[in-house]
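Okay, here's what each chain looks like letter by letter:
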Amino acid sequence: MALTQRDRQHHTYGEYLTWSDDHREELIDGVAYVREPPAPSPTHQELVGELHHEIRGALEGKPCRVYIAPLDVRLPKSDEADEKIDTVVQPDVFIVCDRRKIDQRGMRGAPDWLAEVLSPSTASHDQIIKVPVYERAGVPEVWLIHPTDRTLAIYRLEDGRYGRPTILELKGQTALTAVPGVSIDWDRLLSQLG
């Protein structure tokens with residue numbers, strides 16, 4: 001799925017709400033990025049589904065909830081009204097523990113944890129454009145999953161910044177630091193992929 005800029009104008013969430021649903025779009029600092037065909041690969045979708053499944057089971061009976069894209073996550077820079085927000089993203093998988101952040105439009109504020117499953121056409125966008133946005137928004141933990149390389153880059157917020165990512169192989173179990181009691185069993189998960 002290639003990402004292109006819609007135009008060179010500065011946009012807000014208020015404008016975003018008026019656009020057609022023909023393409024999945026995200027706003028990053030007012031720049032509208034359009035996800036153009038082709039759609040994500042079956043492997044991408046299966047991986048997202050399996051992550052959701054494992055996390056949902058681990059969160060049973062807890063106040064946290066797990067969501068998958070497309071669901072708008074509005075990331076205000078301060079206390080601006082929704083219509084003035086200029087950053088709206090749709091992470092592949094994310095966890096929210098403060099349910100007051102969820103509303104009929106999606107979510108307002110930083111998720112407690114999120115994962116982006118990288119594909120060749122979106123990897124640089126996720127790494128270069130979105131990771132700094134997640135850092136600024138205060139997302140405690142971000143996972144970038146490289147299905148082709150079978151690696152995981154984990155960014156953890158410390159003193160308001162992400163340091164160098166921890167790089168792991170997709171094998172064994174990896175615990176989420178930001179949401180205790182949740183871990184991913186990569187061997188089981190990857191064995192489920194077609």
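From a predicted model like this one, the values you see are computed outputs, not experimental measurements. (Residues numbered from 1 in each chain as written. Predicted model: local features only at pLDDT ≥ 70, side-chain atom pairs only at ≥ 80, totals over all residues. Heavy atoms only, no water.)

Draft legend 1. The arrangement of the nonpolar core in detail. With 25 residues, the main nonpolar core has Leu-51, Ile-55, Ile-95, Trp-113, Trp-143, Ile-145 and Trp-186 as its most contacted residues. When contributions to this core are tallied by element, the ones reaching two or more residues are helix H2 (42-59), strand E7 (93-96), strand E10 (113-117), strand E11 (141-146), strand E12 (151-158) and helix H4 (186-191). Looking at this core element by element, the count peaks at 5 residues for H2. Setting aside chain neighbours within four positions, we find Trp-143 in contact with Trp-113, Leu-114, Ala-115, Glu-116, Leu-152, Ala-153, Ile-154, Thr-174, Ala-175, Leu-176, Ile-184 and Trp-186. Core analysis: the second largest hydrophobic core is formed by 21 residues, Val-131, Val-139, Val-142 and Leu-144 among them. (Core = buried A, V, L, I, M, F, W, Y, C linked by side-chain atoms within 4.5 Å. Buried < 20%, exposed > 50% of the residue type's maximum accessible area, 1.4 Å probe, protein only. Helix = DSSP H or I, 4+ residues; strand = E, 2+ residues; numbered from the N terminus. Contact = heavy atoms within 4.5 Å.)

Draft legend 2. Main features of the pairing of E10. Of all 5 residues making up E10, 5 are buried, and the element is well covered by its neighbours. The alternating pattern of E10 places Trp-113, Ala-115 and Val-117 and Leu-114 and Glu-116 on opposite faces, both of which are buried. Bridge count for E7 against E10 is 3 bridges, and the pairing is antiparallel. Among the inter-strand pairings, Val-93 is bridged to a residue of E10, identified as Ala-115. Of the pairings in the sheet, the one linking E10 to E11 comprises 4 bridges and is parallel in character. Along E11, the bridge assignment pairs Ala-115 with Trp-143. (Pairing = 2+ DSSP bridges.)

Draft legend 3. Local environment of unusual backbone geometry. The omega torsion across Ala-69 and Pro-70 is 5 degrees, close enough to zero to call that bond cis. Residue position: Pro-70 is located in the loop between strand E4 (65-68) and strand E5 (73-74). Even without a glycine there, the phi angle at Arg-150 is positive, about 55 degrees. Relative to the helices and strands, Arg-150 resides in the loop between E11 and E12. The class for Arg-150 is partly exposed, based on a relative accessible area of 45%. Phi angles above zero are rare outside glycine, and Asp-159 is one such case at about 55 degrees. Among the structural elements, Asp-159 can be located in the loop between E12 and strand E13 (161-162). For Asp-159, a relative accessible area of 83% puts it in the exposed group.

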